[in-house]
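# Results of the structural survey
Residues per chain are reported as follows:
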Amino acid sequence: MTTSAYAEVVISQYVEGSSYNKAIEIANTGDEAVTLTGYGIAKQSNGGSWGSETSLDGVTIAAGDVYVVANSSASDEILALADLTESSITSFNGNDAIGLYLDGELVDVVGTVDSSDDWGKDVTLVRYSDALTPSATYDSSQWQSLDKDDIDGLGSLDEVEQGEAFTCTLDDGSTPTFTSIHDIQGEGATSPYIPDDAYISDDEYYVKGVVSAVTTSLTKGFYLQALQDDNNPKTSEGLFVYTNQSSSDLEPGDVVCAKGNIQEYYNLTQLVAEDSQWEKLSEQDAPEAQEIEMIDSDESFADTLERYEGMLVKTTSDLDMRVTRTFSYDYDSYRNNMVLAHGELNMQPNQQHVAGSDASLQASEDNANRRLFVESDSKTSTASIPYYADFGLTDADQDGSTEDYIRINDTVVGMQGVISYSYSEYRLIVTNDLTSDNFVHNSDRTAAPTVSSDGDLRIASFNVLNYFNSPYGGDENQYGDNRGADSYEEFEVQQAKIVKAISALDADIVGLMEIENNGFGEGGAITQLVEQLNASISDESDQYTFVAVDSNDDGVTDEDDSVGTDAIAVGVIYRPSVVTLTTSRVINMPYQDAPAVYDEEGDVEEDGENYQRDTLAPTFTLVDGGESITVAVNHLKSKGSTCWEDVASTEEGGQGGEDADFQGSCENFRVAGAVALGDALAAIDGHKVILGDMNSYAKEDPILVLTDYSAEKYGKTITAARNTYIDGVEQFGDDGAVITTSYGYINAVELFHDDSWSYSYNDEVGTLDHLLVSPSLQEYVVDANDWHINAAESTVFDYNDEYKGDDFPKYSDVYRASDHDPAVLELSFSSSDDTGTETGSEDDNDTLAGSMGGSVILSLMLLMAWRRRA
């Protein structure tokens, strides 16, 4: 291969279209044919390592001709132009650089190397004719940008001339008429320069302003601030200028003239100035960020953000922007970011309002209007926040925890950035560097639960997030594969976190969820967890044992026994010094065997067969006092599953795929589980506690059924799933069931904290992990609370190494030991007042509370609890 031939082979076109419409064009710009001996092309995935080369040995390209490599699943139009089809190199998605190699050396490239930014997403790039020279450094100005799926010129080396440099001086030497930024923005949600039936203006306009920010990845352009304010708070003084370039020489403070059409791009007002239709005129001081302030005419915070669209702004303490989702993956925009809410957390609509009610629907709308996504221009992993360099890295006092963390409910002060809009949300693209001083912890970390210790029995709920020991020397799982740690190193961190957290709970009975269901032998997960826990507790009176189950009735409890038939199960550990196990009991939960549901093509959409994890409900007797208490530990059907009612049409009695009341999937099946649980516990004497991951927020159907539901009180009908069975016996038939009674349990945490929450999903928080007490226990409840060590924290602090890099510290503290917060209940039997706080016997209370009249008793009990706290 000669040097001249090396200089004549370049990447000439890049196609990143919809679906699999991906292609790379390689050109021979010389006067003679070239055989590509030693050449290959490779892809750098997400700014990481380069993949293996696809060899081009033996390929000959005629003089002035091209060679097209296309994805094998691309459109027929692209495949008709392809010389080679393959799916490895051409599986790029806009942030994967493509390199041309010669004898192992990178000689030409399209895309930003060592960066996961979306430099080439949804675009066709064609190299200008005067830039057809190999370069191992990507320069976006050498490429013409075409619309997505535009394959104009693919398959031939067309002359693509770069136009003359844009100038703001008109042909006659005069200065154009500039349209002000605030006039373009107008006082409404869309620009007045765009016709009502269109999304882009008919004419082009000249605009002049000072650059406040440059973004080369997320929005690809620059933000202009008006040189003079019109002093009208209803109009924005900022405007995004779209260039579709992944690099720029502009900097904040540059005074720029730009020309283009005005466009509403998915509701973002912007000036489209592609083909380099802008000119730097001068320099001045960069604009200062404006404080975001609401005015009387703003009906919501969304209206406020619209008034600042395109502007450089900052948050203040008075604005009170709360972290309502920590820095993590956003499945809508496919990038890591954070979410803020104005004035308060975004509570899941059914946490405080009845599912399906007008109040719940309004809460959902209010959440949307408070929401502001926080973005960085560049993509990054969860462990690296571009605008917060020390995030998670420092441990100044060497106590095993970082000082640089972000928690849900933090107020963010002094964050600066430009307001953009995409994926139907307002977004702040951060432009300044932050430290821990910018995050005010309204609910800071605590070393132990904030709950009274004045009782003589403490019960807790703890989800151990797939604690699996079978891959690391534990007994084999009979029902599935590992769902937990991917390596022994991860498992060690996971185990250390869980042990420290449970020890700090200092509970006498702990209900566990998501522990591996691999029996009660020496290698069982629950056996190992208890051994590790006891090894950390020096006082033997505080140590634990576990509740075992003889599921196969062979007279022993070992590795062959289980709680249900899922790979994970619930479990119970307890302190024998405080309580004595009276009965080990499993409550079989319903399974569904409904007809299959078929889609329009005749394929099975839902097979109608669904299962729930069984409940472990041991009964204990207090060593001191002799009180009897049954603790039912649950993990009801997941919201992310699919049951018959979710998929079947409304004509058949289903929901037709809609989730209009925000309960997720399978709520009818969970109702059937709640009824089964309530009925089973009603046959057991003594006090009762229902705890665990119920997969239902506080005002959703299953929790209402277990507490104080009546159709009259809540104005809704609750139905259970159809075709459910318990241990082979039909529970509900083809029509399911309309539920008319409830079981009278009391939400203990809600008694003391009506704004409680224990779980975060997307940018909303609520309680999935409950502590429900029978009415007979009402007088003995001292306190109850959630301990925010998990849901409030970033996922970067969990045991998983994925997306964190090799250099990120691994903390074995209690924070992010799971994704659910523990809940703690404090009871006092020795100090109870026997002078009339009970209404009838405990069995009478259970019976009355389970009837329609039970709401009267519950009201009296809630009143007594309020008086005690007051």
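Residues numbered from 1 in each chain as written. Predicted model: local features only at pLDDT ≥ 70, side-chain atom pairs only at ≥ 80, totals over all residues. Heavy atoms only, no water.

The name that an unreviewed UniProt entry assigns to the protein is LTD domain-containing protein, with the source organism given as Vibrio xiamenensis.

## Section: a negative patch on the surface
Taken together, the side chains of Glu 522, Glu 531, Asp 553, Asp 554, Glu 559 and Asp 560 present a region of like negative charge at the surface. One can find Asp 553 in the loop between strand 30 (545-546) and strand 31 (568-574). (Patch = residues over 30% accessible without salt bridge, like charges linked within 9 Å, V, L, I, M, F, W, Y side chains within 5 Å. Areas by Shrake-Rupley, 256 points an atom, 1.4 Å probe, with all protein chains shown as cover. Salt bridge = Lys/Arg side-chain N within 4 Å of Asp/Glu carboxyl O. Lys, Arg positive; Asp, Glu negative; His and termini not counted. Charge placed at Lys NZ, Arg CZ, Asp CG, Glu CD. Helix = DSSP H or I, 4+ residues; strand = E, 2+ residues; numbered from the N terminus.)

## Re the pairing of strand 21 (residues 321-330)
In terms of burial, strand 21 is largely enclosed, as 9 of its 10 residues are buried. Counting the residues in the hairpin turn of strand 21 and strand 22 (residues 335-342) gives 4 residues, including Tyr 334, whose phi is positive at 60°. (Buried < 20%, exposed > 50% of the residue type's maximum accessible area, 1.4 Å probe, protein only. Pairing = 2+ DSSP bridges.)

## Topic: the packing of helix 7 (residues 488-505) against helix 8 (residues 525-535)
Where helix 7 meets helix 8, the axes come as close as 10 Å, and the angle between the chain directions of the two elements is 65°. The chirality of how helix 7 crosses helix 8 is right-handed. The residues of helix 8 that touch helix 7, namely those facing Phe 491, Gln 495, Ile 498, Val 499, Ile 502 and Ser 503, are Gln 528, Leu 529, Gln 532 and Leu 533. Here the residues of the contact of helix 7 with helix 8 are counted per class, giving 6 nonpolar, 4 polar and no charged. (Axes fitted to C-alpha atoms, helices over the stretch in contact; angles between N-to-C directions. Left-handed = near helix turned anticlockwise from the far one by under 90°. Contact = heavy atoms within 4.5 Å. Nonpolar A, V, L, I, M, F, W, Y, C, P; charged D, E, K, R; others polar.)

## Observations regarding the sheet that holds strand 43 (residues 724-726)
One open sheet holds the 4 strands; their spatial order is 37-34-43-44, and the pairing between them is antiparallel. The sheet is open, and its two edges are formed by strand 37 (609-610) and strand 44 (729-732), each paired on a single side. Where strand 34 (residues 591-593) meets strand 37, 2 bridges bridge the pair, whose relative direction is antiparallel. What sits directly across from Gln 592, in strand 37, is Asn 610. Against the sheet, helix 10 (residues 667-682) engages strand 34, strand 37, strand 43 and strand 44, with an angle of about 115° to strand 44.

## Section: the environment of Ile 295
Positionally, Ile 295 belongs in the loop between strand 19 (290-291) and helix 4 (301-307). Between the alpha carbons of Ile 295 and Gln 44 there is a distance of 48 Å; along the sequence they are 251 residues apart. In this structure, Ile 295 is in contact with Pro 233, Lys 234 and Arg 307, ignoring residues within four places of it in sequence.

## Remarks on the sheet that holds strand 1 (residues 9-16)
Taking strand neighbours across the sheet as the criterion, the 6 strands line up as 8-7-2-1-11-12 in an open arrangement whose pairing is mixed. Across the chains shown, the open sheet's two edge strands, defined by having one partner strand only, are strand 8 (84-85) and strand 12 (143-146). As judged from the 7 bridges shared by strand 1 and strand 2 (residues 22-28), these two strands associate in the antiparallel manner. Residue pairing for strand 2: Glu 16 is matched across the bridge by Lys 22.

## Thoughts on the domain arrangement of the protein
According to the domain assignment, the protein contains domain 1 (9-146), domain 2 (181-287), domain 3 (301-389 + 409-441) and domain 4 (457-827). The C-alpha centroid of domain 3 is placed 23 Å from the C-alpha centroid of domain 2. Across the boundary between the two partners, domain 2 contributes 26 residues, which contact 17 residues of domain 3. Contact between domain 2 and domain 3 buries roughly 1,600 Å² in total, counting both sides, with carbon and sulfur atoms accounting for 53%. (Domains from an automatic or database assignment. Buried area = accessible area lost by both parts, 1.4 Å probe.)

## Some details on the nonpolar core
Leu 457, Ile 459, Phe 462, Leu 512, Ile 573, Leu 825 and Leu 827 are the most contacted members of the largest nonpolar core, which totals 72 residues. Ranked by residue count, the leading element in this core is helix 7, at 8 residues. Beyond its immediate chain neighbours, meaning those up to four positions away, Leu 512 contacts Phe 462, Val 464, Ile 502, Ile 526, Leu 529, Ala 569, Val 570, Gly 571, Ile 573 and Val 633. Counting residues in each nonpolar core, the second largest holds 43 residues, with Ala 213, Met 338, Ala 383 and Tyr 421 among its members. (Core = buried A, V, L, I, M, F, W, Y, C linked by side-chain atoms within 4.5 Å.)

## A few points about helix 7
Here helix 7 is 18 residues long and its end C-alpha atoms lie 26 Å apart, about the 26 Å a rise of 1.5 Å per residue gives. Among all positions of helix 7, only Glu 490, Phe 491, Val 493, Gln 494, Gln 495, Lys 497, Ile 498, Val 499, Ala 501, Ile 502, Ala 504 and Leu 505 are buried. The first or second residue beyond helix 7 is Asp 506, which carries a positive phi of 55°. (Expected span 1.5 Å × (residues − 1).)

## Digging into the pattern of salt bridges
Inspection of the entire model under this criterion finds 29 salt bridges. With a shortest N-O distance of 3.0 Å, Arg 335 and Glu 375 are connected by a salt bridge. One end of the pair, Arg 335, is in strand 22; the other, Glu 375, is in strand 23 (residues 371-375), and 40 residues separate them in sequence. Exposure remark for Glu 375: the relative accessible area of 1% places this residue in the buried category. What emerges from the salt-bridge pattern is a single network uniting Asp 330, Arg 335, Glu 375 and Arg 427.

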